[in-house]
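Working through the structure, step by step
Listed below are the residues making up each chain.
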Amino acid sequence: MTIVAPPTAAPAQPAPPDAVEARVRALGRHIAAGQAKAGRTRTRVLEDRGMELLARDPALRAALFRLVDVAPATSGRRDLAAHLASLLGEAQAADAPAGGFLRRASVTARSAATGRASGPAVGAVAGLAVHRMATRFIVGEDPADAVPTLAGLWESGAAATVDLLGEATVTTAEADRYARRCDEALRTLARAAQTWPARPTLDVVPRVNLSVKVTALTAKVKAEAPEIGIADASHRLRGLLRTAKAVGAHLHVDMESMASRDLITQLVIDLLGEPEFRTGLSAGIVLQAYLRDADEQLDQLLDGIQQPFTVRLVKGAYWEHETVEARQHGWDSPVYLNKVESDRSFERLTKRLLDHRPHVKVAIASHNVRSIAHALALAPDRDLELQVLRGLGDDLQVALTDMGLRVRTYCPVGDLVAGMSYLVRRLLENTSNDSFLLSRSRGTDLDQLLAKP
């Protein structure tokens with residue numbers, strides 16, 4: 001592996017602002033060049049074209065939002081395809097700009113649903129398309145099924161964090177079942193990872209990393225009474241922390257919408273404060289930069305957790321949900337309403353996190369090359385981790401691993417029906433009109449994208 005980035009020695013004094021900006025630009029161009037070298041297959045180019053159509057078409061985006069609502073009630077891929085065909089048909093009737101794409105997608109989905117071909121082998125093609133969609137983003141139907149892909153990532157120089165797909169839990173039995181799935185995943189992945197070859201860049205932290213959702217560990221999430229959810233989820237999350245500690249894995253707690261933010265934050269602080277977890281455990285939590293009070297949440301974490309812990313800094317994937325809900329209830333929006341404010345928050349929080357090392361182990365999760373370059377410019381010692389999404393950040397993963405950086409890829413595991421909400425949320429997040437990925441695909445000047453927000 002070739003390390004081609006600028007020198008690694010930490011400066012005795014903070015670099016002046018102009019020097020930092022020059023370094024950000026140089027690193028950004030270097031990363032972008034690495035992405036270009038990574039290349040894309042013809043299939044990937046076609047898939048990316050479909051995602052751009054999604055970004056331009058409000059009717060199609062609305063159809064996918066509605067699909068998220070019905071997906072949990074569907075009985076399988078065929079039933080899911082029937083609902084998709086219906087929703088796409090409604091979007092087509094709205095005479096949207098991607099009308100041709102919608103017609104083809106609707107016919108394909110309907111054929112998959114009925115099992116009958118309306119053209120030569122179109123049913124088989126639809127089945128392959130659904131499978132292809134699943135495998136681009138989802139690495140296996142269960143942890144054992146995912147092991148070969150995870151081992152391949154490790155061989156290529158990237159670690160992974162596994163997310164067991166499934167959204168909000170509504171019964172105690174579902175919460176118990178999700179906890180058991182997570183426990184088994186930790187044990188299965190820990191056994192598999194023992195055989196993987198040494199990777200000095202990656203082996204500074206546990207090889208196995210599991211991301212868990214607290215809203216799947218309790219059916220009692222109430223924004224106005226977080227203590228109820230904390231009491232109900234504590235024993236399940238405590239059990240997973242014990243297993244992670246026993247098998248030498250990292251357990252990371254994901255953050256979701258504002259309705260569960262206070263519950264999750266206090267739950268993690270409470271459990272990591274228990275004597276059995278103050279040493280020998282690797283654990284972490286997510287911080288969402290698009291929240292107006294993200295600095296206050298970071299203060300709460302820094303004050304409440306005494307031992308070293310990991311913070312994964314993200315922009316946030318629930319922007320549309322939060323803004324719509326705030327509008328419906330007449331609330332002030334909890335999230336910044338324009339990209340520049342979120343980008344400034346991300347860079348401010350990046351600096352704060354890096355300044356609190358080693359108490360905080362920093363993980364920067366972004367596909368925005370400017371945000372990544374800014375973090376690297378502030379951390380010339382490279383003591384941080386960079387995280388990307390499977391299926392959306394693959395070329396970025398290659399570019400960063402080629403620079404000798406520690407990279408972790410977020411890998412969902414589960415079936416397509418369970419994963420539909422995740423897939424749609426990621427598609428909408430990364431095809432919003434102001435996303436870095438979409439701007440690059442449309443040919444926006446790189447220097448413009450690397451400008452200080």
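About the cut-offs
Residues numbered from 1 in each chain as written. Predicted model: local features only at pLDDT ≥ 70, side-chain atom pairs only at ≥ 80, totals over all residues. Heavy atoms only, no water. Helix = DSSP H or I, 4+ residues; strand = E, 2+ residues; numbered from the N terminus. Buried < 20%, exposed > 50% of the residue type's maximum accessible area, 1.4 Å probe, protein only. Areas by Shrake-Rupley, 256 points an atom, 1.4 Å probe, with all protein chains shown as cover. Axes fitted to C-alpha atoms, helices over the stretch in contact; angles between N-to-C directions. Parallel < 35°, antiparallel > 145°, perpendicular 65-115°, else oblique. Left-handed = near helix turned anticlockwise from the far one by under 90°. Contact = heavy atoms within 4.5 Å. Nonpolar A, V, L, I, M, F, W, Y, C, P; charged D, E, K, R; others polar. Salt bridge = Lys/Arg side-chain N within 4 Å of Asp/Glu carboxyl O. Phe/Tyr/Trp six-rings, centres within 6.5 Å; stacked < 30°, edge-to-face > 60°. Lys NZ or Arg CZ within 6 Å of the ring centre and 35° of its normal. Pairing = 2+ DSSP bridges. pLDDT = per-residue confidence, 0-100. Polar contact = N/O pair within 3.5 Å; in protein donor to acceptor, adjacent residues only side chain to side chain. Arc of directions from axis to C-beta.

1. Details of the overall build of the chain
For the chain, the helix and strand inventory stands at 18 helices and eight strands. When the 453 residues of the chain are sorted by exposure, 54% land in the buried category. Total accessible area computed for the chain in this model is approximately 19,800 Å², and 55% of it derives from carbon and sulfur atoms.

2. Thoughts on the packing of helix 11 (residues 294-304) against helix 13 (residues 339-355)
Here helix 11 crosses helix 13 at 15°, and the two axes come no closer than 11 Å. Here helix 11 lies roughly parallel to helix 13, going by the angle between them. In this structure, helix 11 meets helix 13 at a crossing whose hand is right-handed. When helix 11 is examined against helix 13, the residues Ala294, Asp295, Leu298, Asp299 and Leu302 are found in contact with a partner set consisting of Arg348, Leu349, Arg352 and Leu353. Partitioned by chemical class, the residues of the contact of helix 11 with helix 13 number five nonpolar, no polar and four charged.

3. Focus: the pattern of salt bridges
What the rule picks out here adds up to 25 salt bridges. Residue Arg242 pairs with Glu276 through a salt bridge whose shortest N-O separation is 3.0 Å. Highlighted residues: Arg242 in helix 9 (residues 226-247) and Glu276 in the loop between helix 10 (258-272) and strand 4 (282-288), separated in sequence by 34 residues. Overall, Arg242 belongs to the partly exposed group, its relative accessible area being 43%. With its nearest N and O atoms 2.8 Å apart, the salt bridge here joins Glu347 to Arg370. Residue Glu347 is found in helix 13, and its partner Arg370 is found in helix 14 (residues 369-378); the two are separated by 23 residues along the sequence. Overall, the relative accessible area of 10% leaves Glu347 in the buried class.

4. Points about the packing of aromatic side chains
Aromatic ring pairs are reported here in terms of the distance separating the ring centres and the angle at which the planes meet. Evaluated as defined, the whole model comprises one aromatic pair. Between Trp154 and Trp196 the ring centres are 5.6 Å apart and the planes differ by 35°, which places this aromatic pair in the tilted class. Placement of the pair is Trp154 in helix 7 (residues 143-156) and Trp196 in the loop between helix 8 (172-193) and strand 2 (209-212), with a sequence separation of 42 residues. The two residues Trp154 and Trp196 agree in class, both being buried. When the ring centre of Phe346 is taken as reference, the NZ or CZ atom of Lys315 above it lies at 4.9 Å.

5. Let's talk about the sheet that holds strand 7 (residues 385-389)
Reading around the barrel, the eight strands line up as 1-2-3-4-5-6-7-8 and close back on themselves, with parallel pairing between neighbours. Direction aside, neighbouring strands of the sheet carry axes that sit 30° apart on average. As defined by bridge partners, strand 1 (residues 158-164) adjoins strand 2 across two bridges and the pair is classed as parallel. Looking at the pairing, Asp163 lines up with Ser211 of strand 2.

6. So, the confidence of the model for the chain
In this model, the chain carries a mean pLDDT of 83, and residues with pLDDT of at least 70 account for 69%. Note that pLDDT drops below 50 for residues 1-11; the model gives that stretch 24 contacts with residues more than four away or on any other chain. Here residues 115-127 scores under 50 on pLDDT; set against residues more than four positions off or in separate chains, the count is ten contacts.

7. A closer look at the environment of Ala223
Topologically, Ala223 is positioned in the loop between strand 2 and helix 9. The spacing of Ala223 and Ser257 is 34 residues in sequence and 10.0 Å in space, taken between C-alpha atoms.

8. Let's talk about unusual backbone geometry
The omega angle of the peptide bond from Arg357 to Pro358 is 0°, so this bond is cis rather than trans. Within the element layout of this structure, Pro358 appears in the loop between helix 13 and strand 6 (360-365). In the Ramachandran plot, Arg382 falls in the positive-phi region, its phi being about 65° despite a non-glycine side chain. Checked against the element boundaries, Arg382 lands in the loop between helix 14 and strand 7.

9. Considering the environment of Leu164
Tracing the backbone through its elements, the reader meets Leu164 in strand 1. When the C-alpha atoms of Leu164 and Asp415 are compared, they prove to be 9.6 Å apart, with 251 residues separating the residues in sequence. Ignoring any residue separated from it by four or fewer positions in sequence, one finds Leu164 in contact with Pro143, Tyr178, Arg181, Cys182, Ala185, Leu210, Ser211 and Val413.

10. Thoughts on the side chain of Ser366
Summarising the element assignment, Ser366 is placed in the loop between strand 6 and helix 14. Within polar-contact distance, the side chain of Ser366 engages the backbone nitrogen of Asn368 at 2.9 Å. If we skip the residues at most four places from it in the chain, Ser366 touches Lys315, Phe346, Ser371, Ile372, Gln387 and Leu396.

11. Digging into helix 15 (residues 394-402)
Listing the buried residues of helix 15 in full gives Asp394, Leu396, Gln397, Ala399, Leu400 and Thr401. Positive phi shows up at Gly404, right after helix 15, with a value of about 75°.

12. Some points on the pairing of strand 1
Consecutive residues of a regular strand have side chains that alternate between opposite faces of the sheet. With seven of its seven residues buried, strand 1 lies for the most part within the structure. The side-chain alternation of strand 1 yields two buried faces, one formed by Ala158, Ala160, Val162 and Leu164 and the other by Ala159, Thr161 and Asp163. Bridge count for strand 1 against strand 8 (residues 407-413) is seven bridges, and the pairing is parallel. Following the sheet pairing, Ala160 is matched in strand 8 by Thr409.

13. Focus: helix 11
Inspection of helix 11 places Ala294, Asp295, Gln297, Leu298, Leu301 and Leu302 among the buried residues, and these make up the whole buried set. Each buried residue of helix 11 sits inside an arc of 160° when the element is viewed along its axis, so together they form one side. Against the buried residues of helix 11 lie helix 10, strand 4, strand 5 (309-314), helix 13 and strand 6.

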